[in-house]
Amino acid sequence: MCKFALKYLLRLLFDFVIIAVLLVLSLKTYLFLGAPTRRGFFCGDESLMYPFHEDTINSHMLQILSFGIPLLVIVVCGLLENLALQKRSVGTHLRTLLTIHDSLLPFLFGYAAVRLIKDVGKVTVGRLRPYFFEVCHPVHEDVPICDDARNYGIYIEEYECVGSMGDTEGAAHTSIVENIMRSSFPSGHAALAFFGMSFTVFYLQRFSSILRRSCANVGLVMPLLQFVCILVAWFVATSRVLDYKHHWSDVVAGGFLGLGVGIAVAYYVHGHLKGSGTFLEVVDTPKVSITRHNNRGISERSSVYASTSSSNAQNNSVTKQISKA
């Protein structure tokens, strides 16, 4: 038991190191990969002529929806699950912490993975946002590029932005604006929202099965909560198109990214959802499970031996009858 607990703690420490590295990489992507790819444009590109709007769902609201709510659900459901299983032999506080941990680590892993993947996509692709002309006001040698009719139909790669966006002012505002304008693909809002809400949906589904085993029927409450999660993710994604922050294809790609990582984490990383043995299951009933397994094995071996003996006896009797004949 102590040896197993030590191995479990070492694995826990190693898992936290992996998650910390992923989080650092996802938060400092621009430091490792540099500025987004500098792409050109056509002056007549209507997909880049939309006005600049403020965010319907800003970054703080996104963190609450994609990170805070799933975290709250994990903690609350972990506490409720512990109350439902409080008759087990493990201490109440230990069971609560381990139940929360078994879901918290996969969620943090998936969250960091989504952030890293979408930031790598933004830096690599460098797609211009729909409000590019509104904010950039591209010029070449202090002359507005698109004011010259000869530039229409030509792919412009040499340009400078002289516009501003929101509160970005001062010497550094140009680089900030250009980095933001060249990071349309994929939609980070859609990716994080769909990951957080899809993970919450799968986690609630698991928790509802625990409630059913505990003879607690909540009716349509759980499907309603899962529907609300899907609706929140859908609203966040569509708001990015409504605010002209992304092209519709950016939002679709971000949504599939978040949903794909959410499904992968839920079914292939999360120990509970994929049905693999967890620390809680081992420390609860290790001897009982082994004894049952041994008993089952002994009974199976006994039955095989009995059937083999009976078949041998039948063969011997047949041989004797043939010899007598």
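We now turn to the structure provided with this report. (Residues numbered from 1 in each chain as written. Predicted model: local features only at pLDDT ≥ 70, side-chain atom pairs only at ≥ 80, totals over all residues. Heavy atoms only, no water.)

**Details of the packing of aromatic side chains**
One pass over the full model with this rule turns up 16 aromatic pairs. For the ring pair Phe52 and Tyr131, a centre distance of 5.2 Å and an interplane angle of 90 degrees mean the geometry is edge-to-face. With a gap of 79 residues between them, Phe52 in the loop between strand S1 (41-42) and helix H3 (59-84) and Tyr131 in the loop between helix H4 (92-125) and helix H5 (132-136) connect regions that are remote in the sequence. Ring geometry for Phe132 versus Phe133: centroids 5.3 Å apart, planes at 65 degrees, classification edge-to-face. Phe133 matches Phe132 in its accessibility class, with the two residues each being buried. The structure contains a cluster of three or more aromatic residues connected by ring pairs, namely Phe67, Phe107, Tyr111, Phe195, Phe199 and Tyr203. Sitting over the ring of Tyr159, Arg38 keeps its end group 4.2 Å from the ring centre. (Phe/Tyr/Trp six-rings, centres within 6.5 Å; stacked < 30°, edge-to-face > 60°. Helix = DSSP H or I, 4+ residues; strand = E, 2+ residues; numbered from the N terminus. Buried < 20%, exposed > 50% of the residue type's maximum accessible area, 1.4 Å probe, protein only. Lys NZ or Arg CZ within 6 Å of the ring centre and 35° of its normal.)

**Some thoughts on helix H7 (residues 188-213)**
Between the first and last C-alpha of H7 there are 38 Å, a value that for 26 residues agrees with the 38 Å anticipated at 1.5 Å per step. Within H7, 23 of the 26 residues are buried, which leaves the element mostly enclosed by the surrounding structure. Downstream of H7 by a residue or two, Cys215 has a phi angle that is positive, lying close to 60 degrees. (Expected span 1.5 Å × (residues − 1).)

**Quick notes on the state of the cysteines**
A full pass over the atoms with the stated rule returns 2 disulfides. Residue Cys43 pairs covalently with Cys146 via a disulfide, S to S 2.4 Å. One disulfide, between Cys43 and Cys146, carries an S-S torsion of -90 degrees and so falls in the left-handed class. A residue pair is termed long-range when its members are at least 10 positions apart, and Cys43 in the loop between S1 and H3 and Cys146 in the loop between strand S3 (143-144) and strand S4 (155-156) qualify at 103 residues. The residue that forms a disulfide with Cys136 is Cys161, at a sulfur-sulfur distance of 1.9 Å. The chirality of the disulfide connecting Cys136 with Cys161 is left-handed, given an S-S dihedral of about -90 degrees. You can see Cys136 sitting in helix H5 and its partner Cys161 sitting in strand S5 (residues 160-161), a full 25 residues away along the chain. There is no split in this pair, since Cys136 and Cys161 are both buried. Taking only the cysteines that form disulfides and numbering them from first to last, the protein has the pattern 1-3, 2-4. (Disulfide = S-S within 2.5 Å.)

**As for the environment of Val236**
Relative to the helices and strands, Val236 is located in helix H8 (residues 221-242). Residue classification places Val236 among the buried residues on the basis of a relative accessible area of 1%. Separated by 15 residues in the primary sequence, Val236 and Val251 have C-alpha atoms spaced 9.7 Å apart. For Val236, the residues in contact, after removing those within four places along its chain, are Ile57, Leu62, Leu65, His189 and Ala193. (Contact = heavy atoms within 4.5 Å.)

**Let's talk about the sheet that holds S5**
The strand order S3-S2-S5 describes an open sheet built from 3 strands, whose pairing is antiparallel. Strands with a single pairing partner mark the edges of an open sheet, and in this sheet they are S3 and S5. Sheet analysis places strand S2 (residues 138-140) next to S3, joined by 2 bridges and oriented antiparallel. From the neighbouring strand, Val139 faces S3, where its bridge partner is Pro144. (Pairing = 2+ DSSP bridges.)

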